[in-house]
Amino acid sequence: QKEVEQNSGPLSVPEGAIASLNCTYSDRVSQSFFWYRQYSGKSPELIMSIYSNGDKEDGRFTAQLNKASQYVSLLIRDSQPSDSATYLCAVNKWETSGSRLTFGEGTQLTVNP
Amino acid sequence: EPEVTQTPSHQVTQMGQEVILRCVPISNHLYFYWYRQILGQKVEFLVSFYNNEISEKSEIFDDQFSVERPDGSNFTLKIRSTKLEDSAMYFCASSPQVNYGYTFGSGTRLTVV
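Presented here is an overview of the structure given in this document.

What counts, and at which threshold
Residues numbered from 1 in each chain as written. Chains lettered and ligands numbered in written order. Predicted model: local features only at pLDDT ≥ 70, side-chain atom pairs only at ≥ 80, totals over all residues. Heavy atoms only, no water. Contact = heavy atoms within 4.5 Å. Buried area = accessible area lost by both parts, 1.4 Å probe. Salt bridge = Lys/Arg side-chain N within 4 Å of Asp/Glu carboxyl O. Polar contact = N/O pair within 3.5 Å; in protein donor to acceptor, adjacent residues only side chain to side chain. Helix = DSSP H or I, 4+ residues; strand = E, 2+ residues; numbered from the N terminus. Nonpolar A, V, L, I, M, F, W, Y, C, P; charged D, E, K, R; others polar. Phe/Tyr/Trp six-rings, centres within 6.5 Å; stacked < 30°, edge-to-face > 60°. Buried < 20%, exposed > 50% of the residue type's maximum accessible area, 1.4 Å probe, protein only. Lys NZ or Arg CZ within 6 Å of the ring centre and 35° of its normal. Pairing = 2+ DSSP bridges. Axes fitted to C-alpha atoms, helices over the stretch in contact; angles between N-to-C directions. Core = buried A, V, L, I, M, F, W, Y, C linked by side-chain atoms within 4.5 Å.

**What to know about the interface of chain B and chain A**
In step 1: Taken together, the contacts link 23 residues of chain B with 23 residues of chain A.
In step 2: Taking both sides of the interface into account, the surface hidden between chain B and chain A amounts to around 1,800 Å²; carbon and sulfur atoms contribute 53%.
In step 3: Counting across the chain B and chain A interface gives one salt bridge.
In step 4: Linking chain B with chain A are twelve residue pairs in polar contact (both at pLDDT 80 or more), by the criterion used here.
In step 5: Elements that contribute at least two residues to the side of chain B that touches chain A include exactly strand 4 (31-37), strand 5 (43-50), strand 6 (53-57) and strand 9 (88-95) of chain B.
In step 6: The class makeup of the residues in the side of chain B that touches chain A is twelve nonpolar, eight polar and three charged.

**Digging into the packing of aromatic side chains**
In step 1: Tallied over the full model, the rule gives 17 aromatic pairs over all chains.
In step 2: Consider the rings of A:Phe103 and B:Phe104, whose centres lie 5.9 Å apart with planes at 65 degrees: the pair is edge-to-face. Note that A:Phe103 is positioned in strand 10 (residues 98-103) and B:Phe104 in strand 10 (residues 103-104), a pairing that runs across two chains.
In step 3: Its relative accessible area of 1% is what places A:Phe103 among the buried residues.
In step 4: Taking 3.8 Å as the distance between ring centres and 10 degrees as the angle between the ring planes, the aromatic pair formed by B:Tyr33 and B:Tyr102 counts as stacked. Here the residue B:Tyr33 occupies a position in strand 4, and B:Tyr102 occupies one in the loop between strand 9 and strand 10, the gap between them amounting to 69 residues.
In step 5: The rings of A:Tyr36, A:Phe103, B:Tyr33, B:Tyr35, B:Phe45, B:Phe91, B:Tyr102 and B:Phe104 are connected pair by pair, giving a single aromatic cluster.
In step 6: Sitting above the plane of the A:Phe61 ring, A:Arg60 keeps its charged end 5.6 Å from the centroid.

**As for the sheet that holds strand 1 (residues 4-6) of chain A**
All names here are of chain A.
In step 1: Across the sheet, which stays open at both edges, the five strands sit in the order 1-3-8-7-6 with antiparallel pairing between neighbours. One side of each edge strand has no neighbouring strand; the edge strands of this open sheet are strand 1 and strand 6 (54-58). Strand-to-strand twist of the sheet, defined as the mean angle between neighbouring strand axes without regard to direction, takes the value 20 degrees.
In step 2: Strand direction decides the pairing type here: strand 3 (residues 19-25) and strand 8 (residues 71-76), joined by six bridges, are antiparallel. Within strand 8, the residue paired with serine 20 across the bridge is leucine 75.

**Considerations on the nonpolar core**
In step 1: Counting residues in each nonpolar core, the largest one holds 23 residues, and the members touching the most others are A:Phe33, A:Trp35, A:Val72, A:Leu74, A:Ile76, A:Tyr87 and A:Leu109.
In step 2: In this structure, B:Cys23, B:Val47, B:Phe49 and B:Cys92 belong to the second largest nonpolar core, which totals 22 residues.

**Describing the pattern of salt bridges**
Opposite charge on two side chains permits pairing when their charged atoms draw close.
In step 1: What the rule picks out here adds up to seven salt bridges over all chains.
In step 2: Across the pair A:Glu105 and A:Lys2 runs a salt bridge, and its minimum N-O distance is 3.3 Å. In this pair, A:Glu105 sits in the loop between strand 10 and strand 11 (107-112) while A:Lys2 sits in the segment before strand 1, placing the two residues 103 residues apart along the sequence.
In step 3: A:Glu105 gets classed as exposed once you look at its relative accessible area, which sits at 52%.
In step 4: Here B:Arg36 makes a salt bridge to B:Glu44, at a shortest N to O gap of 3.2 Å.

**Brief notes about the sheet that holds strand 7 (residues 65-68) of chain B**
All names here are of chain B.
In step 1: Within the open sheet, the four strands sit side by side as 1-3-8-7. Their pairing is antiparallel. Among the strands making up the open sheet, the edge pair consists of strand 1 (5-7) and strand 7. Pairwise comparison of adjacent strand axes, ignoring direction, gives a mean angle of 20 degrees for this sheet.
In step 2: Strand direction decides the pairing type here: strand 7 and strand 8 (residues 75-79), joined by four bridges, are antiparallel. The residue bridging glutamate 68 from the neighbouring strand is threonine 76, located in strand 8.

This is the structure:
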């Protein structure tokens with residue numbers, strides 16, 4: 001079983017629509033959860049972090065976490081062509097001495113004008 | 001906005017040669033990481049570093065790899081004898097606290113020929 005699994009994509013949505021990205025993780029002791037955006041040939045860019053169950057909103061982005069179901073999602077409202085990228089779900093396990101962020105394989109999103 | 005700086009942006013080396021990839025993490029960050037991404041694959045953890053020592057390393061990080069923080073600002077990854085399969089994008093990252101998301105540098109594309 002993969003540690004972090006994302007819906008395989010690619011996902012294509014029209015401009016202005018809601019894009020929904022999903023992620024499940026296998027390790028129940030995972031403690032913090034992140035969504036990164038990666039444009040082709042570029043480095044991952046942190047767009048959302050979520051630490052407790054429920055929803056967290058930041059502008060057009062909403063992250064949702066359900067630890068009982070080991071599920072994290074990202075909603076992008078009013079999608080724009082500039083949102084076209086690969087979205088990476090990342091799960092963190094940490095101790096005082098350090099942490100390990102484990103990434104999923106990513107979901108490629110295309111927003112069509 | 002503070003950023004993680006990596007040099008060089010692209011390095012070509014012959015198989016068997018040693019390479020050193022350099023990183024300057026964000027100045028008030030305490031935790032440092034190296035990741036790699038083989039073309040078309042997911043972002044993979046290599047090593048985490050805290051308080052001047054390795055806190056965790058992956059199975060990829062074998063005896064050919066080493067990390068060092070030679071002074072208060074630089075963080076380096078050395079690959080002693082490069083193999084063709086070491087060709088990848090190498091990302092340095094840092095975080096201010098252990099449970100925070102990481103800020104990634106722009107990466108070094110390593111090509112082993």
